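# Observations on chain architecture
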Amino acid sequence: MKKILTILCLIFSMALMAEEKVITYENAGELNTLVRIHQQKHYVLLPIEERAPELWVRVIHNNKQVDKICVRLAQNTVDYYMPYDLTPYDVKQLVLDVRTTDNRIYRRQAYEWLNKICLSDTYDVKNVENYRPLFHHTPDYGWMNDPNGMFYDPATRLWHLYFQYNPYGSMWQNMTWGHSVSKDLMHWDYKGLAIVPNDLGTIFSGSCVIDHNNTAGFGKDAVIALYTSAGEYQSQSLAYSLDGGMTFTPYARNPILTADLPDFRDPNMFWNEETGEWNLVLACDQEMRFYSSKNLIDWKYESAFGKGRGNHEGVWECPDLFRLKTEDGKTSKWVLLCNINPGGPFGGSATQYFVGEWDGHTFTCSPYKNSENQDEKWLDYGKDHYATVSFSGAPEGRTTVLAWMSNWLYANDVPTQQFRSANSLPRDLYLYKGIDKEFYVGVRAVRETDQLRGAKTLSTSFSANATKAVSNKMQMPSVVELKIQNKNAEAVSITLSNANGEKCVMTYNLAEGTFTTNRINAGKSAFSGSFAGATTTPLFNKVPATTTLTLYIDNCSVEVFGDDIWCQTNLVFPTVPYNHISVMTDEGTANVTLTEWGIRK
Ligand code: FRU
């Protein structure tokens, strides 16, 4: 009898529990649906469908709007879940106000599709993607674009990387600064959200410096961030950190810089040793504007550069300005980086630069190719190297840069979902003179990449010729080095291929002095009509008798560094990893030494 009673009690309480809904919904007005949460958990998990329309969700806590996010809430299928952190709130005082859509049909269905929202105390960030890079920085989940506010802290020896981040979906939205740190530029630890949207807008790109002398008055060694507040208009805001860049407080009188321009963004500041002032460069529509300041808060306009210079097929974005030396240290020039989208040499996004002089007031640069128009130079000749900017305060006088390894033409469509986009490998820049006596920026992978080289998995020397490709097994990911001694070959081609017949073909044209990566049949490309294609680097130096090509091959990218001078960065999405590498000449012979290393974790 007792047993039967216990069972009945159990059934009864289970029925009660089933009745007690942990999330309830109610329609409000024509377009809104309110979601109420009845159990205190760490996260509410938002179901995302990437092709569903974007909806605004207002987070209301005790009658106050505390957040507003834009999410593609699933209406048919759930592609993945994104976590929204509930720990700052008492869920009993919380209402999520979902503005559904102007389509009444959806409003009537709202209950149905919103009930995929759920609660959880955990969120699993274990990688589920085959294309996730092994040795490039990626967010654990969500969308990433430009690197922001990068700086090196001599006190902790940490490299800080902030980035344009959407924590609520793997497509561009809700711009927030995510934050990762590294001891060696190769392994990154995610530190959470550093600067989140506020009533002035979302947080677009910007920069950080350490204010060693407390010029801004927030404290000695405060980390100062300048970023664009992107709201009804774009303006520049300041935030400061008193804990080495881990958490930031927005300055109370933001914005600190405004202009009557729609495109006014991406502030990049630096300490100018030569003038004893801070300088700031800002992207303003089709030009870069320069400012100076004593205290990082009050900025004086100095001048602008760009009218009639370089490429103007797109918006000028993400500038940087720094002094760069030749390797012998004898000559130095100022280099202005000027990212542009579209207008890149192979379509879409790319980094153009100008070599000139900066006296704290004006940037001057003699016309290149005897022409004031289209006189840009390009930093990387691949299709996936954008928003390049340098680390502030890199040690040993290094100019270390990082880029976003994608292109606005297809960044939102690439075939990953848990995360979208990685950063390029960090590079060190220097100045060199080409055979035309022009100054160019030389690019080499940072020396920290040496530690990527694990066990040697291939080491072979051969004479490549035109009749038969020399083919070897390879690994992906890996680092591959080819030393090519030219005998009388016109061109040497290197092909990475897999069992599905997909090929990434690289051709080093010794006669012309060009290097081309062709990804037309390299793997998946149907996600965008702009993805397949080839990119070509002109070599501004004499083609050396012996060339060293270093290929950094990760799970969805190939970065080729040539003689530590130039680089070509391209994404590739083979359906199965490349496992063959072959080398062939188009005529004549070349002696090739090929070494491959597996990646050391
Ligand atoms: C460049 C850019 C910047 C802007 C940011 C927004 O990729 O358009 O100009 O600050 O992305 O995410």
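Our structure is the block above this text.
The sections below set out a description of the structure shown in this document.

For Ile69, the position within the fold is in strand E5 (residues 64-71). For Ile69 and Asn174, which are 105 residues apart along the polypeptide, the C-alpha to C-alpha distance reads 6.3 Å. Those residues in contact with Ile69 that lie beyond four places of it in its chain are Leu46, Leu55, Trp56, Val57, Tyr84, Tyr168 and Asn174.

For the rest of this paragraph, the subject is the packing of aromatic side chains. In the structure shown here, the tally under the stated rule is 41 aromatic pairs. Both rings, one in Trp177 and one in Tyr227, keep their centres 6.2 Å apart while their planes meet at 65 degrees; by these two values the pair is edge-to-face. Placement of Trp177 in strand E11 (residues 176-182) and of Tyr227 in strand E14 (residues 222-230) is noted, with a sequence separation of 50 residues between them. Overall, Tyr227 belongs to the buried group, its relative accessible area being 0%. Note on Tyr430 and Tyr432: the rings are 6.4 Å apart at their centroids and 50 degrees apart in plane angle, and the pair reads as tilted. Both residues of the pair, Tyr430 and Tyr432, count as buried. Every member of this aromatic cluster is reached through a ring pair, and the members are Tyr43, Tyr123, Tyr141, Phe163, Tyr165 and Tyr190. Sitting over the ring of Tyr440, Lys377 keeps its end group 5.0 Å from the ring centre. Note that Arg519 overlies the ring of Phe531, its terminal NZ or CZ placed 3.7 Å from the centroid.

Pairing between the strands of a sheet comes from backbone hydrogen bonds, and it takes one of two forms, parallel or antiparallel. An order of E12-E11-E10-E9-E28 is seen for the 5 strands of this open sheet, with the pairing classed as mixed. Two strands bound the open sheet, and with one partner strand each, they are strand E12 (189-195) and strand E28 (419-420). Of the pairings in the sheet, the one linking strand E10 (residues 158-166) to E11 comprises 7 bridges and is antiparallel in character. From the neighbouring strand, His160 faces E11, where its bridge partner is Val181.

Judged by side-chain charge, Glu490, Glu512, Asp586 and Glu587 come together as a negatively charged surface patch. On the secondary structure map, Glu490 appears in the loop between strand E33 (478-486) and strand E34 (491-497). The partly exposed category is assigned to Glu490, whose relative accessible area is 35%.

The subject of this paragraph is the pattern of salt bridges. Pairing between side chains becomes possible if they bear opposite charge and their charged atoms approach one another. By the definition in use, this model includes 29 salt bridges. We note a salt bridge from Glu54 to Arg72, for which the minimum N-O separation is 3.4 Å. You can see Glu54 sitting in the loop between strand E3 (43-48) and strand E4 (55-61) and its partner Arg72 sitting in the loop between E5 and strand E6 (80-85), a full 18 residues away along the chain. The partly exposed category is assigned to Arg72, whose relative accessible area is 22%. The salt bridge partner of Lys333 is Glu357, with a shortest N-O separation of 3.2 Å. Remark: Glu357 occurs in strand E23 (residues 350-358) and Lys333 occurs in strand E22 (residues 332-341); sequence separation between them is 24 residues. A single network of salt bridges, built from pairs that share partners, joins Asp263, Arg265, Asp266 and Glu317.

Attention shifts here to the site of the ligand. Around the ligand there are 13 residues in total, and Asp146, Gln164, Arg265, Asp266 and Glu317 lie nearest to it. Asn145 places a side-chain nitrogen or oxygen 3.1 Å from an oxygen atom of the ligand. Here an oxygen atom of the ligand and a side-chain polar atom of Glu317 are 2.9 Å apart. Mapped onto the shell around the ligand, the elements with two or more residues apiece are strand E9 (142-153), strand E13 (202-211), strand E17 (264-272) and strand E21 (315-325). Class assignment for the residues of the shell around the ligand results in 6 nonpolar, 3 polar and 4 charged.

This brings us to the sheet that holds E6. Spatially, 3 strands are ordered E6-E3-E8 in an open sheet, and the strand pairing comes out antiparallel. The sheet is open, and its two borders are formed by E6 and strand E8 (118-120), each paired with just one other strand. For this sheet the average axis-to-axis angle between neighbouring strands, irrespective of direction, equals 40 degrees. Direction of pairing for E3 relative to E8: antiparallel, over a ladder of 3 bridges. Residue pairing for E8: Tyr43 is matched across the bridge by Ser120.

For the rest of this paragraph, the subject is a nonpolar patch on the surface. On the surface, Tyr190, Leu193 and Val196 cluster together to form a nonpolar patch covering roughly 230 Å² of accessible area. Looking at the element boundaries, Tyr190 is found in strand E12. Under the relative-accessibility criterion, Tyr190 is labelled partly exposed at 31%.

This part is about unusual backbone geometry. Each neighbour pair has its own omega, and for Asn341 with Pro342 the value is -10 degrees, a cis peptide bond. Secondary-structure assignment places Pro342 in the loop between E22 and E23. At the junction of Met476 and Pro477, the peptide bond is cis and its omega measures out at 5 degrees in the coordinates. For Pro477, the position within the fold is in the loop between strand E32 (470-473) and E33. In this model, Arg157 sits at a positive phi of 60 degrees, which is unusual for a non-glycine residue. One non-glycine residue with positive phi stands out, namely Leu185, at about 65 degrees. As for its position among the elements, Leu185 is in the loop between E11 and E12.

Conventions used here
Residues numbered from 1 in each chain as written. Predicted model: local features only at pLDDT ≥ 70, side-chain atom pairs only at ≥ 80, totals over all residues. Heavy atoms only, no water. Helix = DSSP H or I, 4+ residues; strand = E, 2+ residues; numbered from the N terminus. Contact = heavy atoms within 4.5 Å. Phe/Tyr/Trp six-rings, centres within 6.5 Å; stacked < 30°, edge-to-face > 60°. Buried < 20%, exposed > 50% of the residue type's maximum accessible area, 1.4 Å probe, protein only. Lys NZ or Arg CZ within 6 Å of the ring centre and 35° of its normal. Pairing = 2+ DSSP bridges. Patch = residues over 30% accessible without salt bridge, like charges linked within 9 Å, V, L, I, M, F, W, Y side chains within 5 Å. Areas by Shrake-Rupley, 256 points an atom, 1.4 Å probe, with all protein chains shown as cover. Salt bridge = Lys/Arg side-chain N within 4 Å of Asp/Glu carboxyl O. Lys, Arg positive; Asp, Glu negative; His and termini not counted. Charge placed at Lys NZ, Arg CZ, Asp CG, Glu CD. Near = heavy atom within 4 Å. Polar contact = N/O pair within 3.5 Å; in protein donor to acceptor, adjacent residues only side chain to side chain. Nonpolar A, V, L, I, M, F, W, Y, C, P; charged D, E, K, R; others polar. Axes fitted to C-alpha atoms, helices over the stretch in contact; angles between N-to-C directions.

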